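Summary of structural features
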Amino acid sequence: SDARSKDNIISKMKNNDITKMEPPWADVTTVMMRNLPNKYTQIMLLEELLDSGFRLQADFDFFYLPMDHNNAANLGYCFINFVATPMANAFAAA
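A few points on the structure. (Residues numbered from 1 in each chain as written. Predicted model: local features only at pLDDT ≥ 70, side-chain atom pairs only at ≥ 80, totals over all residues. Heavy atoms only, no water.)

Here the focus is the pattern of salt bridges. Across all of its chains, the model carries one salt bridge by this definition. Its salt-bridge partner being Asp 59, residue Arg 55 comes within 2.8 Å of it at the nearest N-O pair. Residue Arg 55 is classed as partly exposed on the basis of its relative accessible area of 49%. (Salt bridge = Lys/Arg side-chain N within 4 Å of Asp/Glu carboxyl O. Buried < 20%, exposed > 50% of the residue type's maximum accessible area, 1.4 Å probe, protein only.)

Structural data, given as structure tokens:
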């Protein structure tokens, strides 16, 4: 069936090994933070990043903290895209 062959093609395109790589990375810019306290808001987490010396737009250009708006809580993870691999490595080392 077409759906199954499409899934196989997409699966072959994915680089599953990258999820197992430990820092320092050679070509990674997007980092996933896990196990975040659920009561952290986007503003609280951004302030913590800024307080740690990471600069919005200069060091990272994308930040996503998914929220459960029914419970006013985050889902326990976020994604941050750094503008360069050395910034992602600095974040991982912090």
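Next comes the rest of the account.
Our next topic: the sheet that holds strand 2 (residues 60–64). Read from one edge of the open sheet, three strands run 1-5-2, paired in antiparallel fashion. The sheet is open, and its two borders are formed by strand 1 (30–34) and strand 2, each paired with just one other strand. Direction aside, the axes of adjacent strands within the sheet are offset by 20° on average. Examined bridge by bridge, strand 2 and strand 5 (residues 77–82) share four bridges and lie antiparallel to one another. Following the sheet pairing, Phe 63 is matched in strand 5 by Ile 80. Along the sheet face, helix 2 (residues 42–51) touches strand 1, strand 2 and strand 5 and points at about 150° away from the line of strand 2. Against the sheet, helix 3 (residues 85–93) engages strand 1 and strand 5, with an angle of about 140° to strand 5. (Pairing = 2+ DSSP bridges. Helix = DSSP H or I, 4+ residues; strand = E, 2+ residues; numbered from the N terminus. Axes fitted to C-alpha atoms, helices over the stretch in contact; angles between N-to-C directions. Contact = heavy atoms within 4.5 Å.)

Our focus in this paragraph is helix 3. Thr 85, Ala 88, Asn 89 and Phe 91 are the residues of helix 3 that are buried. The buried residues of helix 3 all sit within an arc of 160° when viewed along its axis, so they share a single face. Pointing more than 90 degrees away from the buried face of helix 3 are the exposed residues Pro 86 and Ala 93. Buried residues along helix 3 sit against strand 1, helix 2 and strand 5. (Arc of directions from axis to C-beta.)

Right, let's get into the nonpolar core. Taken as a class, soluble globular proteins show a tendency for nonpolar side chains to be buried jointly. The biggest cluster of nonpolar side chains holds 16 residues, and the ones touching the most others in it are Phe 63, Cys 78, Ile 80, Phe 82 and Phe 91. Those elements that provide at least two residues to this core are strand 1, helix 2, strand 2, strand 5 and helix 3. No other element matches strand 5, which puts three residues into this core. Apart from the residues within four sequence positions on either side, Phe 82 is in contact with Thr 29, Val 31, Phe 54, Asp 59, Phe 60, Met 87, Ala 88 and Phe 91. (Core = buried A, V, L, I, M, F, W, Y, C linked by side-chain atoms within 4.5 Å.)

Let us now look at the packing of aromatic side chains. Any two aromatic rings considered together are summarised by their centre-to-centre distance and by the angle between their planes. Evaluation of the coordinates by the stated rule reveals five aromatic pairs. Where Phe 82 meets Phe 91, the ring centres are 5.2 Å apart and the plane angle is 40°; that geometry is what we call tilted. Among the residues examined, Phe 91 registers a relative accessible area of 14% and is labelled buried. The rings of Phe 54, Phe 60, Phe 82 and Phe 91 are connected pair by pair, giving a single aromatic cluster. (Phe/Tyr/Trp six-rings, centres within 6.5 Å; stacked < 30°, edge-to-face > 60°.)

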